[in-house]
Amino acid sequence: MWIVVMFALLSLGVVEAMMSSDSRRMYIPTFTGEDDDFQMWWMRFKAYATVTGFALVIARTRNTDLPAKEDETLTNDDVGKQKKKTRDANSMAMAAL
């Protein structure tokens, strides 16, 4: 599903519009606070989240891999590694917002 969304966004030029002039960096889309601008901002923000790797943590469904507490001690097994990856992605999402 996200591949279809990314293709659509690339077709619309949304991702290219977020690229800087050197084509290696993307900026975080900013929201103006205006109701009319929300849809475009949200579409760009979701594209940014997909490219930077935190799209799953901003989805409308609850991510069960996210630890219950931010400072929860995680194990070094596969479950702990997945929780750490999800926690890092969540931190990235919060910083971007």
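Residues numbered from 1 in each chain as written. Predicted model: local features only at pLDDT ≥ 70, side-chain atom pairs only at ≥ 80, totals over all residues. Heavy atoms only, no water.

Caption draft 1: Geometry of the overall build of the protein chain. Along the backbone of the protein chain there are four helices and zero strands. Along the protein chain, from the amino end to the carboxyl end, the secondary structure elements read α-α-α-α. Considering the protein chain as a whole, with its 97 residues, one finds that 22% of them fall into the buried category. Residue pairs in contact within the protein chain that sit at least 24 positions apart in sequence constitute 39% of those at least 6 positions apart. Counting every atom, the protein chain has about 7,400 Å² of accessible surface; 56% of that belongs to carbon and sulfur. (Helix = DSSP H or I, 4+ residues; strand = E, 2+ residues; numbered from the N terminus. Buried < 20%, exposed > 50% of the residue type's maximum accessible area, 1.4 Å probe, protein only. Contact = heavy atoms within 4.5 Å. Areas by Shrake-Rupley, 256 points an atom, 1.4 Å probe, with all protein chains shown as cover.)

Caption draft 2: Quick peek at the confidence of the model for the protein chain. Residue-level pLDDT values for the protein chain average 75, and 75% of them are 70 or greater. Looking across the protein chain, the model is least confident in helix α1 (residues 2–12), with a mean pLDDT of 49, and most confident in helix α3 (residues 38–52), with 91. (pLDDT = per-residue confidence, 0-100.)

Caption draft 3: Seen up close, the nonpolar core. Formed by Trp41, Phe45, Tyr48, Ala49, Phe54, Ile58, Ala89, Ala93 and Ala96, the largest nonpolar core amounts to nine residues. For this core, the elements supplying multiple residues, two or more each, are α3 and α4 (78–96). Here Ala93 is in contact with Phe54, Val57 and Ile58, once residues within four sequence places are set aside. (Core = buried A, V, L, I, M, F, W, Y, C linked by side-chain atoms within 4.5 Å.)

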